[in-house]
Amino acid sequence: MGLVRCLSLISSASRSVRRFSSQPKMSAAKLVPMVRLNNGLEMPAIGLGTSMSKGDDCVALVKAGIDAGFRHIDTAYFYKNERAVGRAIRAKIEEGVVQRSELFVCTKLWNTFHHPDHVALACEKSLENLGLDYIDSYLMHMPFGYKFNGWDEQKLMPLDAEGKVLFSDYDYVDTWRAMEALVDNGKVKSIGVSNFNSEQIGRILKECRIKPTSNQVECNARVNQKKLIDFCKNLDIVVTAHSPLGRPHLYQKDPENKPKPVLNEPKIIAIGEKYRKSPVQVILRYLVDIGAFPVPKSTNVEHLKQNLEIFDFQLSEDDIKVMDEFNTGKRMVHFKRLVDHEHYPFHIEF
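Below you will find a few notes about this structure.

Considering the environment of Glu 42
Turning to step 1, where the next piece is worked out: Considering the arrangement of structural elements, one finds Glu 42 in strand 2 (residues 42-44).
Turning to step 2, where the next piece is worked out: For the pair Glu 42 and Asp 136, spaced 94 residues apart in the sequence, the C-alpha separation amounts to 9.7 Å.
Turning to step 3, where the next piece is worked out: At 3.4 Å, the side chain of Glu 42 and the side chain of Arg 36 are in polar contact.

Examining the nonpolar core
Turning to step 1, where the next piece is worked out: Counting 94 residues, the largest nonpolar core has Val 62, Tyr 138 and Met 323 as the members making the most contacts within it.
Turning to step 2, where the next piece is worked out: Ignoring sequence-local partners within four residues, the contact set of Met 323 consists of Ala 221, Ile 268, Ile 271, Val 282, Ile 283, Tyr 286 and Leu 315.

Things to note about helix 5 (residues 116-130)
Turning to step 1, where the next piece is worked out: For helix 5, spanning 15 residues, the distance from its first C-alpha to its last is 22 Å, which sits close to the expected 21 Å at 1.5 Å a residue.
Turning to step 2, where the next piece is worked out: For helix 5, the full list of buried residues reads His 118, Val 119, Ala 122, Cys 123, Ser 126, Leu 127, Asn 129 and Leu 130.

Quick notes on the packing of helix 3 (residues 55-68) against helix 4 (residues 82-94)
Turning to step 1, where the next piece is worked out: Two elements in contact, helix 3 and helix 4, have axes whose closest approach is 8 Å; the angle formed by their N-to-C orientations is 40°. On the basis of the axis angle, helix 3 is oblique to helix 4. Handedness of the helix 3/helix 4 crossing: right-handed. Residues Gly 55, Asp 56, Cys 58, Val 59, Val 62, Lys 63, Ile 66 and Asp 67 of helix 3 lie in contact with helix 4, whose contacting residues are Ala 84, Val 85, Arg 87, Ala 88, Ile 89, Ala 91 and Lys 92.

A look at helix 7 (residues 198-207)
Turning to step 1, where the next piece is worked out: Buried within helix 7 are the following residues: Ser 198, Gln 200, Ile 201 and Ile 204. Around the axis of helix 7, the buried residues are gathered within 165° of arc, so they sit on the same side. Looking at helix 7, the residues exposed on the side facing more than 90 degrees away from the buried face are Glu 199 and Lys 206.
Turning to step 2, where the next piece is worked out: Buried residues along helix 7 sit against helix 6 (172-184), strand 7 (188-194), strand 8 (214-218) and helix 8 (226-234).
Turning to step 3, where the next piece is worked out: At the N-terminal boundary of helix 7, the capping side chain belongs to Asn 197, with an oxygen 3.0 Å from the backbone nitrogen of Glu 199.

Let's talk about the sheet that holds strand 6 (residues 135-140)
Each strand in a sheet pairs with its neighbour through backbone hydrogen bonds, running either in the same direction (parallel) or in the opposite one (antiparallel).
Turning to step 1, where the next piece is worked out: Pairing in this open sheet of eight strands is parallel, and the strands run 3-4-5-6-7-8-9-10 from one edge to the other. At either end of the open sheet lies a strand with only one pairing partner, and these are strand 3 (48-49) and strand 10 (292-294).
Turning to step 2, where the next piece is worked out: Where strand 3 meets strand 4 (residues 72-74), two bridges bridge the pair, whose relative direction is parallel. Residue pairing across strands places Leu 48 opposite Ile 73, the latter belonging to strand 4.

Details of the packing of aromatic side chains
Turning to step 1, where the next piece is worked out: Summed over all chains, the structure comprises 13 aromatic pairs.
Turning to step 2, where the next piece is worked out: For the pair Phe 78 and Trp 110, a centre-to-centre distance of 3.9 Å together with 15° between the ring planes defines the contact as stacked. Here Trp 110 lies in the loop between strand 5 (104-109) and helix 5 and Phe 78 lies in the loop between strand 4 and helix 4, a separation of 32 residues in the sequence.
Turning to step 3, where the next piece is worked out: What makes Phe 78 partly exposed here is its relative accessible area of 31%.

Examining a nonpolar patch on the surface
Turning to step 1, where the next piece is worked out: A surface patch of nonpolar side chains, about 230 Å² in accessible area, is lined by Phe 78, Met 157 and Leu 159.
Turning to step 2, where the next piece is worked out: With respect to the helices and strands, the residue Leu 159 is situated in the loop between strand 6 and helix 6.
Turning to step 3, where the next piece is worked out: Overall, the relative accessible area of 42% leaves Leu 159 in the partly exposed class.

Some points on the pattern of salt bridges
Turning to step 1, where the next piece is worked out: In the structure shown here, the tally under the stated rule is 23 salt bridges.
Turning to step 2, where the next piece is worked out: Glu 95 is the salt-bridge partner of Lys 92, the closest N and O atoms lying 3.0 Å from each other.
Turning to step 3, where the next piece is worked out: Of the residues examined, Lys 92 reaches a relative accessible area of 6% and is grouped as buried.
Turning to step 4, where the next piece is worked out: Residue Arg 177 is joined to Asp 174 by a salt bridge in which the shortest nitrogen-to-oxygen separation is 3.1 Å. With a gap of three residues between them, Arg 177 and Asp 174 both fall in helix 6, about one helical turn apart.
Turning to step 5, where the next piece is worked out: The partly exposed category is assigned to Arg 177, whose relative accessible area is 37%.
Turning to step 6, where the next piece is worked out: Residue classification places Asp 174 among the partly exposed positions, given a relative accessible area of 34%.

Rules and cut-offs
Residues numbered from 1 in each chain as written. Predicted model: local features only at pLDDT ≥ 70, side-chain atom pairs only at ≥ 80, totals over all residues. Heavy atoms only, no water. Helix = DSSP H or I, 4+ residues; strand = E, 2+ residues; numbered from the N terminus. Polar contact = N/O pair within 3.5 Å; in protein donor to acceptor, adjacent residues only side chain to side chain. Core = buried A, V, L, I, M, F, W, Y, C linked by side-chain atoms within 4.5 Å. Buried < 20%, exposed > 50% of the residue type's maximum accessible area, 1.4 Å probe, protein only. Contact = heavy atoms within 4.5 Å. Expected span 1.5 Å × (residues − 1). Axes fitted to C-alpha atoms, helices over the stretch in contact; angles between N-to-C directions. Parallel < 35°, antiparallel > 145°, perpendicular 65-115°, else oblique. Left-handed = near helix turned anticlockwise from the far one by under 90°. Arc of directions from axis to C-beta. Pairing = 2+ DSSP bridges. Phe/Tyr/Trp six-rings, centres within 6.5 Å; stacked < 30°, edge-to-face > 60°. Patch = residues over 30% accessible without salt bridge, like charges linked within 9 Å, V, L, I, M, F, W, Y side chains within 5 Å. Areas by Shrake-Rupley, 256 points an atom, 1.4 Å probe, with all protein chains shown as cover. Salt bridge = Lys/Arg side-chain N within 4 Å of Asp/Glu carboxyl O.

Printed below as a string of structure tokens:
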């Protein structure tokens, strides 16, 4: 099946995707389709995840990712690596490898900054860390807020004497309204949410004036989020997928309580053999085919390149049915310490 035909089929299958475009026989970056957001801007259909990557290792990761062809870079204030991400981006701009306008940089508002008076300051801090003039996508990292604990990056989890997280009672709707002002002043091109459920998104749509462009959630073969994806598609909100491979390292640490990743499942290996693709590529392609756009991470240069090589094939309906069999709905990231918060998002199915 030709690439153009393949992308056409994806577009018709996903109402949240306004338009895909590609230019064959060009660099990997040019072959990555663009997803049209509800504000008219475009986002590359796959991003480079950076969580848990710090310092010089993070700089090397992002540089390698840009060299490989990634133009969508995902970070967060909570990751404590915005400075490293920014160093890498600026270095590649200075080298002439990429222009700022070609990049889609996403970062996130942390939970301790939910007070409306803190939102603009938090955004300025992220811009300062990144060394950029604007942010392409600024997400509210979670719907629940924590007690403000200053601006020290080492104090992002305020705890009481018993080690419990100190919550704030700030309403995420008020936080969202403050984020809307960031779009108004040009500091941010798009705003979105992360780890929000359908009811929380619906409330924002009812009470606010700027629609979220995206909702970033855990989405992988074990928790495929199909109901949430369909909900968001109907509202023209894009779903991006963090933890698209199921975070195998967390399973290795706690195999009794964490869902087992599917990378070694024979059925997935068999699908990959049919298309001459790896299990990782099959999983990433599966997410794209069901309407979620992944932000995988790898420190291996060859794996980075392979993660981009998922747009020259498409899973059949039978393949997708096989992949659906692995869905258990069991999350790898479930925020158990936060279940008592008023805005905990996982008390409902989606």
